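Below are the chains, spelled out letter by letter.
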Amino acid sequence: MASGGAVETSWPAAQRQDIAAVQPQVQAAARKFQLDPRLINGVIWVESKFNARARGPGGTQGLMQLMPATARELAGRLGERSRPYDPGFNIRAGSLYLSRMIKRFDGDVKLGLAAYHGGPGHVLKWQKAGKRGVPDGSKKYVEKVFSAREQF
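Residues numbered from 1 in each chain as written. Predicted model: local features only at pLDDT ≥ 70, side-chain atom pairs only at ≥ 80, totals over all residues. Heavy atoms only, no water.

Enquirer: Can you help me understand the overall build of the chain in this one?
Expert: Along its length, the chain carries 7 helices and 0 strands. Reading the chain from its N end, one meets helices and strands in the order α-α-α-α-α-α-α. Relative to the compact-globule value of 15 Å for 152 residues, the chain shows a C-alpha radius of gyration of 15 Å, a close match. Dimensions of the chain along its principal axes, counting C-alpha atoms only, are 45 × 35 × 30 Å. With the model as given, the accessible surface of the chain reaches about 7,900 Å², and the carbon-plus-sulfur share is 49%. (Helix = DSSP H or I, 4+ residues; strand = E, 2+ residues; numbered from the N terminus. Rg over C-alpha atoms; globule rule 2.2 N^0.38 Å. Areas by Shrake-Rupley, 256 points an atom, 1.4 Å probe, with all protein chains shown as cover.)

Enquirer: Is there a simple way to think about helix H6 (residues 120–128) in this case?
Expert: In an α-helix, one full turn covers 3.6 residues, which means residues spaced three or four apart are oriented alike. Every buried residue of H6 is accounted for by Pro 120, Val 123 and Trp 126. The arc that holds every buried residue of H6, seen down its axis, measures 125°, which confines them to one face. Of the exposed residues in H6, the ones pointing more than 90 degrees away from its buried face are Lys 125 and Lys 128. Considering only its buried residues, H6 is in contact with helix H4 (87–104) and helix H5 (109–118). The positive-phi residue at the C-terminal boundary of H6 is Gly 130, with phi of around 85°. (Buried < 20%, exposed > 50% of the residue type's maximum accessible area, 1.4 Å probe, protein only. Arc of directions from axis to C-beta. Contact = heavy atoms within 4.5 Å.)

Enquirer: Would you mind showing me how to read the packing of aromatic side chains here?
Expert: Per the stated rule, a full pass over the model turns up 3 aromatic pairs. Seen from their ring centres, Trp 45 and Phe 50 are 6.4 Å apart, and the 40° between their planes marks the pair as tilted. Assigned by exposure class, Trp 45 and Phe 50 land together as buried. Within the aromatic cluster, the residues linked to one another by ring pairs are Trp 45, Phe 50 and Phe 152. It is Arg 53 that lies over the ring of Tyr 85; its NZ or CZ is 4.2 Å from the centre. In this structure, Arg 149 is placed above the aromatic ring of Phe 146, and the distance from its NZ or CZ to the ring centre is 4.3 Å. (Phe/Tyr/Trp six-rings, centres within 6.5 Å; stacked < 30°, edge-to-face > 60°. Lys NZ or Arg CZ within 6 Å of the ring centre and 35° of its normal.)

Enquirer: Sorry if this is basic, but what is going on with the nonpolar core here?
Expert: Generally speaking, a soluble globular protein has its nonpolar side chains buried in company with each other. Within the largest apolar cluster, 43 residues are counted, with the highest numbers of intra-cluster contacts made by Ile 40, Val 43, Ile 44, Ile 91, Leu 98, Leu 113 and Tyr 116. Apart from the residues within four sequence positions on either side, Ile 44 is in contact with Val 26, Lys 49, Phe 50, Leu 63, Met 64 and Ile 91. (Core = buried A, V, L, I, M, F, W, Y, C linked by side-chain atoms within 4.5 Å.)

What follows is the structure in structure tokens.
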């Protein structure tokens, strides 16, 4: 997505439509949770390629690939019903979770993404072991999100 709001023409036509369809929700979530909309789009791209019906092998669901229990917990915080395959809900809930992970790791976007990917315990365990930076199990994920972010 170009900075002016137009969807890049480098995406296949069907994906351009899917990407464009959710931009109002992405923009609203970005404002509400103080996130870069390009970062939200990057997560969505890596997680589901903008397929709102995506299912992950571990049970994750929707655009931002939320675990059902996480989606329910986030729905409660949002004062909504959990609807992981609803694009608006999934983007709001996923963005809330991403924002919480970034804040939990003192504003470090890379560590927040690593926590989004592998859970905050994954990052905390890495840090407790005296290691710095992004845990090995999340490095490629973080790189992919940052790369995808640049396409929006």
